[in-house]
Protein chains: 2
Amino acid sequence: MKILLTNDDGIYSKGIEVLHKHLGKDNEVIVVAPETEQSAVGHAITLTDPLLVKSVDRNGSFFGHAVKGTPADCVKLAINELVEQRPDLVVSGINLGANVGINVIYSGTVSAATEGAILGVPSIAISIDTFRDPDFEPAARFARLLANQVNKYGLPPHTSLNVNVPAIPESEIKGVRVTRQGVTRFVESFDRRVDPRENVYYWQCGSTPPLQEDDDTDACALAKDYISITPIHHDLTNYDFLRSLRSWSFTDNSE
Amino acid sequence: MKILLTNDDGIYSKGIEVLHKHLGKDNEVIVVAPETEQSAVGHAITLTDPLLVKSVDRNGSFFGHAVKGTPADCVKLAINELVEQRPDLVVSGINLGANVGINVIYSGTVSAATEGAILGVPSIAISIDTFRDPDFEPAARFARLLANQVNKYGLPPHTSLNVNVPAIPESEIKGVRVTRQGVTRFVESFDRRVDPRENVYYWQCGSTPPLQEDDDTDACALAKDYISITPIHHDLTNYDFLRSLRSWSFTDNSE
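Keep in mind the model is a prediction, meaning the values are calculated, not measured.

## Quick word on the overall build of chain A
Each helix and strand counted, chain A has six helices and 11 strands in total. Taking 2.2 N^0.38 as the reference for a compact globule, 255 residues should give roughly 18 Å; the C-alpha atoms of chain A span a radius of gyration of 20 Å, in line with that estimate. For chain A, the spread of C-alpha atoms along the three principal axes comes to 70 × 50 × 35 Å. Buried positions account for 54% of the 255 residues belonging to chain A. For chain A, the proportion of contacts with a sequence separation of at least 24, taken over those separated by at least 6, is 75%.

## So, the sheet that holds strand β3 (residues 51-57) of chain A
On the basis of which strands lie adjacent, the open sheet formed by 11 strands has the order β8(A)-β11(A)-β7(A)-β6(A)-β5(A)-β1(A)-β2(A)-β4(A)-β3(A)-β10(B)-β9(B) and mixed pairing. Two strands close off the open sheet at either side, each with one partner strand: β8 (175-178) of chain A together with β9 (187-194) of chain B. Taking the axes of each pair of neighbouring strands and ignoring which way they run, one obtains an average angle of 25° across the sheet. Across five bridges, the pairing between strand β7 (residues 160-165) of chain A and strand β11 (residues 226-232) of chain A is antiparallel. Following the sheet pairing, S160 of chain A is matched in β11 of chain A by I232 of chain A. Running at roughly 135° to β11 of chain A, helix α6 (residues 239-246) of chain B makes contact with β8 and β11 of chain A of the sheet.

## Regarding the relation of the copies chain B and chain A
If you rotate chain B by 180° and push it 0.0 Å along the axis, it lands on chain A with an RMSD of 0.0 Å. Accordingly, the operation relating the two chain copies is best matched by a two-fold axis. When the interface residues of chain B are mapped onto chain A, 100% of them again fall at the interface, so both copies present the same face.

## Re the interface of chain B and chain A
The interface is formed by 59 residues belonging to chain B together with 59 residues belonging to chain A. Secondary-structure elements contributing two or more residues to the side of chain B that touches chain A are β3 (51-57), α2 (71-82), α4 (137-153), β8 (175-178), β9, β10 (200-207), β11 (226-232) and α6 of chain B. In the side of chain B that touches chain A, the residues fall into 34 nonpolar, 16 polar and nine charged. The pairing of strand β10 (residues 200-207) of chain A with β3 of chain B spans three bridges and is antiparallel. Paired with V200 of chain A across the strands is V53 of chain B, a residue of β3 of chain B.

## Quick look at the pairing of strand β4 (residues 63-67) of chain A
Residue and element names in this part refer to chain A. The buried count for β4 comes to four of five residues, which makes it a mostly enclosed element. Alignment of strand β2 (residues 28-34) against β4, held across four bridges, turns out to be parallel. Directly across from V32, in β4, lies its bridge partner H65. Pairing between β3 and β4: five bridges, direction antiparallel. Each bridged residue has a counterpart across the sheet, and for V56 the counterpart in β4 is G64. Connecting β3 to the antiparallel partner β4 that follows it, the hairpin turn spans five residues, and N59 within it adopts a positive phi of roughly 45°.

## Some words on the packing of helix α1 (residues 14-23) of chain A against helix α4 (residues 137-153) of chain A
Residues and elements named next belong to chain A. α4 packs onto α1 with a crossing angle of 45° between their chain directions and a minimal axis gap of 9 Å. Considered as vectors, α1 and α4 are oriented oblique to each other. For α1 against α4, the interelement crossing comes out right-handed. Taking contact as the criterion, the partners of V18, L19, K21, H22 and L23 in α1 are, on α4, E137, A140, R141, A143, R144 and A147. In terms of residue class, the contact of α1 with α4 is made up of six nonpolar, one polar and four charged.

## Some points on the pairing of β11 of chain A
Residue and element names in this part refer to chain A. For β11, a buried count of seven out of seven residues is recorded, marking the element as mostly surrounded by other parts of the structure. Both faces of β11 are covered, namely the face carrying Y226, S228, T230 and I232 and the face carrying I227, I229 and P231. The pairing of β8 with β11 spans four bridges and is classified as parallel. Bridging across to β11, V176 finds its partner in I227.

## Here's the deal with the environment of K224 of chain A
Residue and element names in this part refer to chain A. As for its placement among the helices and strands, K224 is situated in the loop between α5 (218-223) and β11. Judged by C-beta crowding, with 13 C-beta atoms within 10 Å, K224 ranks as partly exposed. Sequence separation between K224 and I105 is 119 residues, and the spatial gap between their C-alpha atoms is 23 Å.

## Re the confidence of the model for chain A
On average, chain A scores 95 in pLDDT, and the residues at 70 or more come to 99%. Here the predicted complex scores 0.95 on pTM and 0.93 on ipTM.

## A closer look at the nonpolar core
In this structure, V91, I124 and A143 of chain A together with V91, I124 and A143 of chain B are the most contacted members of the largest nonpolar core, which totals 147 residues. Excluding residues within four positions of it along the chain, I124 of chain B makes contact with V91, A113, A143, L146, A147, V150, S160, L161 and V163 of chain B.

## Notes on the sheet that holds strand β9 (residues 187-194) of chain A
The strands making up a sheet associate through backbone hydrogen bonding, with each pair oriented either parallel or antiparallel. Read across the sheet, 11 strands follow the order β9(A)-β10(A)-β3(B)-β4(B)-β2(B)-β1(B)-β5(B)-β6(B)-β7(B)-β11(B)-β8(B) without closing on themselves; strand pairing throughout is mixed. Each end of this open sheet is capped by a strand with a single partner; those strands are β9 of chain A together with β8 of chain B. Strand after strand, the sheet turns through a mean of 25° between neighbouring axes, direction not considered. Against the sheet, helix α3 (residues 108-118) of chain B makes contact with β1 (2-6), β5 (89-96), β6 (123-128) and β7 (160-165) of chain B, and its axis sits at roughly 170° relative to β6 of chain B, the strand it touches most.

## With respect to unusual backbone geometry
Among all residues save glycine, negative phi is the norm, and among peptide bonds the norm is trans. Of note, the amide linkage connecting G93 of chain A to I94 of chain A takes the cis form, showing an omega dihedral of -5°. Phi is positive for E198 of chain B, close to 75°, though the residue is something other than glycine. Along the chain, E198 of chain B falls in the loop between β9 and β10. Under the C-beta neighbour-count criterion, E198 of chain B is labelled exposed, with 6 such atoms within 10 Å. You will see that D225 of chain B, though not glycine, has its phi angle at about 70°, which is positive. Along the chain, D225 of chain B turns up in the loop between α5 (218-223) and β11.

## Concerning helix α1 (residues 14-23) of chain B
Residue and element names in this part refer to chain B. In terms of residue burial, α1 counts as a mostly covered element, since seven of its 10 residues are buried. Within the span of α1, buried status applies to G15, I16, V18, L19, H20, H22 and L23. Those residues of α1 that are buried lie in contact with β1, β2 (28-34), β5 and α4.

What counts and what doesn't
Residues numbered from 1 in each chain as written. Chains lettered and ligands numbered in written order. Predicted model: local features only at pLDDT ≥ 70, side-chain atom pairs only at ≥ 80, totals over all residues. Helix = DSSP H or I, 4+ residues; strand = E, 2+ residues; numbered from the N terminus. Rg over C-alpha atoms; globule rule 2.2 N^0.38 Å. Buried ≥ 20, exposed ≤ 12 C-beta atoms within 10 Å, placed from the backbone. Contact = placed C-beta atoms within 7 Å. Pairing = 2+ DSSP bridges. Axes fitted to C-alpha atoms, helices over the stretch in contact; angles between N-to-C directions. Least-squares fit on C-alpha atoms with pLDDT ≥ 70 in both. Nonpolar A, V, L, I, M, F, W, Y, C, P; charged D, E, K, R; others polar. Parallel < 35°, antiparallel > 145°, perpendicular 65-115°, else oblique. Left-handed = near helix turned anticlockwise from the far one by under 90°. pLDDT = per-residue confidence, 0-100. Core = buried A, V, L, I, M, F, W, Y, C linked by C-beta atoms within 7 Å.

Rendered as structure tokens:
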């Protein structure tokens, strides 16, 4: 396969290097990734600034294109301009930190895979459930296995796979669960400060507190030491509510 | 009602001013909006920079808080810090340019409403289908009517309304359609340039070409001169594909 590899932690991150090593065993891998960390950029794209592109040599590990932009920019630019032949697969990761529950919508890692799906290329996002320097090997091995399965079975249109791997030794991983997106979320707090010129500013902080999630969710699978795979798309319609909304009156009788 | 008003075109835009005028007729309206235009930021949030907040006097039209951040930042900061009592409703807009089809996922306007829904506040995003200086009055009047209906009927959890208004005289608007999100999308192209120091960069351009959409979609309603209302949520799970994905093998037999 010809694989486009990207991430949101940036081209110099460890996660992309390990992923490149494993996917490169039996595939042609092209790296187009942000020059710097792009966490929590969601599905942002860059329209008002130029996208600078540099060639990067990761000390013999790989050559790649570093883009001064978001993960979604990288996938768009790669498929439209930088990659000569259309890739067979987009892989985004390995992200430091799980992307489960509502947090998925803030994720640059997932948005890169979504962008691949929008452009008609099967796509996988992969994250590991820790912010500390982990052993990326188990996650990278699983990414390679899954890439081959996606190649074999294919994915439906507009669909990508959001994969989360527990940060534990491979022998302790209990298996794989296909899950739905849960409702675990980043709960923010704000640290108010005043700068030397008397301007008020806030640091956004926050955490993802543990939540009682249903057994079939991404967060629950991860908490129970399973690899979680959620098939995601970008249709945000709440179909369950369509019918009752159609019964509303939209005529102005007040004036 | 107590309404939190925001947008992605920035606190100095015309759309937010007209919306404030109409919603302010029978509601208490608090404005917390980005200091500058934030188009196509999607659901980005700002974690690595401080969020500067300034008080802004829009020449007697209204006072508001200008935030150096994204629309999603504005809603989080407003509800957590700046607004004393929890608002009854979040309204985001009026955005210059339609937010229909796949484009919805790049939209800062829609992400502000989604953020409201995540935080448990009923929310409306409203856009007008032109980038040229339009008459915002019909859209603002409709926003006020809809705000009252949302107050009356309520919205289900995790759900907001994405409203798009045709940019035509009010008398030519044919009515209101409750729609699903279509597949119309921004099709990008890249303009390659070389800077004076021989660095390669690209401008991302693109457009949303007209598409044959099904009759029940947002883009189709808008093209046929109807106001479109789409109920949206943030569950990205592709439920249709869950079962077949569960039949895949995730065991590595290759080595």
